[in-house]
Amino acid sequence: MTRQQNPEEPTVNPNPHPIRLHVISASVRPTSAARPLARWAAGQAHEHGGGRFEVTPVDLAEIALPFLDEPAYASTGIYAHPHTRAWSGLVDSADAFLFVLPMYNGGFTAPFKNAIDFLYREWHGKPAGLLSYSAGGSGGAPAGRMLRPVLEAVGMVAAEASAAVPGITGLVTADGFRAPQDLAGELAAVLDELAALARTPVSA
């Protein structure tokens, strides 16, 4: 027999503690397609799962990190510069990440590698999803494959599911990103896995 809810009983929020998801646009080019794609992805994440995610868009061009200039190793957590401390606080505040990355010459961008290398503890144990893109037919998938060992080296947990966008130049207009038919479903699979990983305690 199904129990009828008393109308005076408070409604239980199925997601009392939303997962803090940072959607990072991993290109610093002023004309990069990463930005409209990341805005679209952030909107999808915001709507996904009935408030499952608290979404923060992050643009590496706005963060404007210099080349790594810290005198101490990132693993020490000792930061001499305000830009590093600000980046540390932003990354540390996230529970999970969705990286929106282009492919340059078969790999991911140097500014993104630099941004990863500034920190260590702040990445450790956190899940990451990959949404890659390219002008050609690969959708940037090789860049994602190259990135995975780097994420593992800083202790991140990369989602097995990923999404790739080929032919990006034909999908970005003055009005933003025009998603191909199947992309929303591919990204939903990544977001579902990120949510599951974020809810799983990290083993010591």
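These lines cover the structure that appears in this document, whether it is placed above or below. (Residues numbered from 1 in each chain as written. Predicted model: local features only at pLDDT ≥ 70, side-chain atom pairs only at ≥ 80, totals over all residues. Heavy atoms only, no water.)

## Some words on the overall build of the chain
Then, in step 1: Summing up its helical and strand segments, the chain has 6 helices and 7 strands in all.
Then, in step 2: Taken from the N to the C terminus, the helices and strands of the chain come in the order β-α-β-α-α-β-α-β-α-β-β-β-α.
Then, in step 3: In summary, the chain has a C-alpha radius of gyration of 18 Å against a globular reference of 17 Å for 204 residues, a match within 12%.
Then, in step 4: Expressed as lengths along the three principal axes of its C-alpha atoms, the size of the chain is roughly 65 × 45 × 30 Å.
Then, in step 5: Burial analysis of the chain (204 residues in total) assigns 42% to the buried set. (Helix = DSSP H or I, 4+ residues; strand = E, 2+ residues; numbered from the N terminus. Rg over C-alpha atoms; globule rule 2.2 N^0.38 Å. Buried < 20%, exposed > 50% of the residue type's maximum accessible area, 1.4 Å probe, protein only.)

## What about the pattern of salt bridges?
Then, in step 1: Going through the model one piece at a time under the given rule, you end up with 6 salt bridges.
Then, in step 2: For D95, the salt bridge identified is with R20, shortest N-O distance 2.8 Å. Here D95, found in the loop between α3 (82–92) and β3 (96–102), pairs with R20, found in strand β1 (residues 19–25); they are 75 residues apart in sequence, far enough to count as distant.
Then, in step 3: The class of R20 is partly exposed, set by a relative accessible area of 35%.
Then, in step 4: D192 is the salt-bridge partner of R52, the closest N and O atoms lying 3.0 Å from each other. Of this pair, R52 sits in the loop between α1 (34–47) and β2 (53–59) while D192 sits in helix α6 (residues 183–198), placing them 140 residues apart in sequence.
Then, in step 5: Classification of R52 as partly exposed rests on a relative accessible area of 22%.
Then, in step 6: The exposure class of D192 is partly exposed, given its relative accessible area of 36%. (Salt bridge = Lys/Arg side-chain N within 4 Å of Asp/Glu carboxyl O.)

## Thoughts on helix α4 (residues 110–117)
Then, in step 1: Within α4 the residues assigned to the buried category are F112, N114, A115 and I116.
Then, in step 2: Structurally, α4 contributes buried residues whose contacts are with α2 (60–63), α3, β3 and α5 (141–153). (Contact = heavy atoms within 4.5 Å.)

## Quick look at the pairing of β1
Then, in step 1: By the criterion of burial, β1 is predominantly enclosed, with 6 of the 7 residues buried.
Then, in step 2: The pairing of β1 with β2 spans 7 bridges and is parallel. From the neighbouring strand, I19 faces β2, where its bridge partner is F53.
Then, in step 3: Of the crossover connections in this fold, the one passing from β1 over α1 to the parallel β2 is right-handed.
Then, in step 4: In terms of strand pairing, β1 meets β3 through 5 bridges, oriented parallel. Directly across from I24, in β3, lies its bridge partner F99. (Pairing = 2+ DSSP bridges. Right-handed = clockwise from strand over helix to strand, strands pointing away.)

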